[in-house]
Amino acid sequence: MADVLIAGAGIVGLLSAFELTKRGRRVTVIDAPALYPPASWAGGGILSPLFAWRYADPMNRLTVDAPARYRRLVDELAGHAGLRGDDLNDSGLWVAVGEAERERALAWARLWEVPCQRADEHEHLSGAGRQPGLWFPEIGNIRNPRMLKALRSWLSRRGVRFRTAAVKRIEPRRRGASLWLSDGECLTAPAVLVSSGAWTAGLLAPLGVRLPLFPAKGEMLLYRLAPGRVPAIILTEQGYLIPRADGAVLVGSTLEEGEGSHYRSVTGRWALERKAARLLPELADQRPMAHWAGVRPGCARGWPYLGEVPGCSGLFAAAGHHRNGLVAAPASAEFLARLMCAETPSLPVGDYSLSSS
Ligand SMILES: Cc1cc2nc3c(=O)[nH]c(=O)nc-3n(C[C@H](O)[C@H](O)[C@H](O)COP(=O)(O)OP(=O)(O)OC[C@H]3O[C@@H](n4cnc5c(N)ncnc54)[C@H](O)[C@@H]3O)c2cc1C
């Protein structure tokens, strides 16, 4: 029997399984058979919230050290499912911001000790790069699909069991919970984590949990350029470019709050093609290699809910990572694992509590 059941194998569920396995827990991960890639596969992997200084402290606490956390993870998981050191691309991040906001951002960076400097035009770019901005040399991007595969490989080798089934119903026990699965089985454990992305709200609603959560569809395009042609992540109000080490360049993203489908749309593609051409004019003449959509676990406040479900001892949830689940997941997972193992919490528990809505 497992000590811990985890419902959902996105980045939050897998990293939580990683932290719990390291603490000696026997973990079973249950993941719904997906026709489309969940958010963690569809995301871009920028290791910072977009315009990080606009967020509240609870989100900053989850994200400011993400590049260092991912560097340690990549070092530890390298070789699993082919994960390579440069799947964490230390590209740096260039952000276009107006003068007034630049001062605010620089003050934020000093407070949180995030290296940041004024940067006028980005020297290699002819599009959006030709405006004043800020340069964050230590913020890169993670090739999220490879990280997810590496995590699954590492976990499998350490005895974590993976079940392909959807959790249909959660029944709290005196300690922990039983999960009723789509294949008719029922699994019970003294500790359960619900990390089912945009579907978490629906699983928790019958337990009386009402949080301001919603699906938020996003679409992306992928182009292929010479490696190094886009030397850094380029972020503007109109969109962003994310360069992988091998020359793949992602253009993102659309945001449709309340939209829970995974369909790629013609309007989404047009919007992204326009963003691409504005950010880097030569992309106007290029055909994208891929176009996909994913559903973010949207949340009306600027940071996720992480903690025990009120009134249900041993039942935990991670909900509402919205646009920042990849950057926030390592810190979220450490926090959740500490709570589930009754260790000293790494963050103020009340800020993330499910009762604080
Ligand atoms: C286009 C796009 C770009 C993005 N870019 C970035 C970025 O650059 N940086 C960043 O930090 N974040 C980014 N994000 C957001 C990020 O991807 C998400 O916040 C994050 O992946 C959420 O992770 P999760 O594990 O909570 O959910 P998910 O990745 O959605 O995983 C949930 C898992 O639960 C499973 N599941 C669902 N229901 C059930 C059930 N009933 N039973 C069992 N399993 C179930 C699903 O199959 C899935 O595997 C982006 C998202 C999108 C869509």
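Residues numbered from 1 in each chain as written. Predicted model: local features only at pLDDT ≥ 70, side-chain atom pairs only at ≥ 80, totals over all residues. Heavy atoms only, no water.

Asks: Could you give an account of the site of the ligand, naming the residues involved and the relevant values?
Replies: Taken together, 37 residues lie near the ligand, and D31, S40, V167, H322 and V327 sit nearest. Within the backbone of G45, one N or O atom sits 3.0 Å away from an oxygen atom of the ligand. A total of 1000 Å² of accessible area belongs to the ligand in isolation, and the protein chains cover 96% of it. Elements supplying a minimum of two residues to the shell around the ligand: α1 (11–22), β2 (27–31), α2 (39–42), β13 (213–224), β18 (290–299) and α9 (325–340). Residues that form the shell around the ligand fall into these classes: 19 nonpolar, 15 polar and 3 charged. Viewed by domain, the shell around the ligand spans two of them, domain 1 (4–41 + 147–211 + 301–352) and domain 2 (88–139 + 213–299), each represented by three or more residues. (Near = heavy atom within 4 Å. Polar contact = N/O pair within 3.5 Å; in protein donor to acceptor, adjacent residues only side chain to side chain. Areas by Shrake-Rupley, 256 points an atom, 1.4 Å probe, with all protein chains shown as cover. Helix = DSSP H or I, 4+ residues; strand = E, 2+ residues; numbered from the N terminus. Nonpolar A, V, L, I, M, F, W, Y, C, P; charged D, E, K, R; others polar. Domains from an automatic or database assignment.)

Asks: Give me the packing of helix α4 (residues 66–77) against helix α6 (residues 144–157): which residues, what numbers.
Replies: Look at α4 against α6: their axes get within 10 Å of each other, and the N-to-C directions meet at 55 degrees. Considering their axes alone, α4 and α6 lie oblique with respect to each other. Like other packed secondary-structure pairs, α4 and α6 cross with a definite hand, here left-handed. For the pair α4 and α6, the contacting residues are Y70, L73, V74, E76 and L77 in the first and M147, A150, L151 and W154 in the second. For the contact of α4 with α6, the per-class residue count stands at 8 nonpolar, no polar and 1 charged. (Axes fitted to C-alpha atoms, helices over the stretch in contact; angles between N-to-C directions. Parallel < 35°, antiparallel > 145°, perpendicular 65-115°, else oblique. Left-handed = near helix turned anticlockwise from the far one by under 90°. Contact = heavy atoms within 4.5 Å.)

Asks: Go over the packing of aromatic side chains with me, naming the residues and quoting the values.
Replies: By convention here, two paired aromatic rings are described through the distance between centres and the angle between planes. All chains considered together, the criterion is met by 4 aromatic pairs. Both rings, one in F51 and one in W53, keep their centres 5.9 Å apart while their planes meet at 85 degrees; by these two values the pair is edge-to-face. Using a relative accessible area of 6% as the deciding quantity, one classes F51 as buried. Taken together, the ring pairs in this structure connect F51, W53 and F136 into an aromatic cluster. (Phe/Tyr/Trp six-rings, centres within 6.5 Å; stacked < 30°, edge-to-face > 60°. Buried < 20%, exposed > 50% of the residue type's maximum accessible area, 1.4 Å probe, protein only.)

Asks: Tell me about α6, and name the residues and values.
Replies: Taking 1.5 Å of rise per residue, 14 residues should cover 20 Å, and α6 covers 20 Å from first to last C-alpha, within 8% of that figure. Considered for burial, the residues of α6 that qualify are N144, M147, L148, A150, L151, S153, W154 and L155. Next to the buried residues of α6 lie α1, α2, α4, β7 (141–142), β8 (161–164) and α9. Trailing α6 by a residue or two, G159 shows a phi angle of about 90 degrees, which is positive. (Expected span 1.5 Å × (residues − 1).)

Asks: Could you give an account of unusual backbone geometry, naming the residues involved and the relevant values?
Replies: The phi angle of most residues is negative, glycine excepted, and most peptide bonds adopt the trans form. Note that the residue after G252, namely S253, is joined by a cis bond; omega there is -25 degrees. Along the polypeptide, S253 turns up in the loop between β16 (248–252) and β17 (256–257). Its identity is not glycine, yet A81 carries a phi of approximately 50 degrees, on the positive side. As for its position among the elements, A81 is in the loop between α4 and β3 (88–89). Exposure remark for A81: the relative accessible area of 43% places this residue in the partly exposed category. The phi torsion at A342 lies on the positive side, around 55 degrees, for a residue other than glycine.

Asks: Tell me about the environment of Y263, residues and numbers included.
Replies: When you line up the elements, Y263 lands in the loop between β17 and α8 (266–279). Given a relative accessible area of 53%, Y263 falls into the exposed group. Measuring from C-alpha to C-alpha, the distance between Y263 and A96 comes to 30 Å, with 167 residues separating the pair along the chain. Among residues more than four places away in sequence, those in contact with Y263 are Y36, K217, E219 and A293.

Asks: Mind laying out the sheet that holds strand β10 (residues 177–181), listing which residues take part and the relevant values?
Replies: Taken in spatial order, the 3 strands make up an open sheet running β9-β10-β11, and their pairing is antiparallel. Each of the sheet's edge strands pairs with one partner strand only, and the pair in question is β9 (167–172) and β11 (186–189). Each strand of the sheet is rotated relative to its neighbour by a mean of 20 degrees, with strand direction disregarded. With 5 bridges joining them, β9 and β10 adopt antiparallel strand pairing. (Pairing = 2+ DSSP bridges.)

Asks: Go over the pattern of salt bridges with me, naming the residues and quoting the values.
Replies: For the coordinates displayed, the defined rule picks out 25 salt bridges. The salt bridge partner of R69 is E334, with a shortest N-O separation of 3.0 Å. A residue pair is termed long-range when its members are at least 10 positions apart, and R69 in helix α4 and E334 in helix α9 qualify at 265 residues. Taken individually, R69 and E334 each receive the classification buried, so the pair is uniform in this respect. Across the pair D246 and R224 runs a salt bridge, and its minimum N-O distance is 3.8 Å. One end of the pair, D246, is in the loop between β15 (239–243) and β16; the other, R224, is in strand β13, and 22 residues separate them in sequence. (Salt bridge = Lys/Arg side-chain N within 4 Å of Asp/Glu carboxyl O.)

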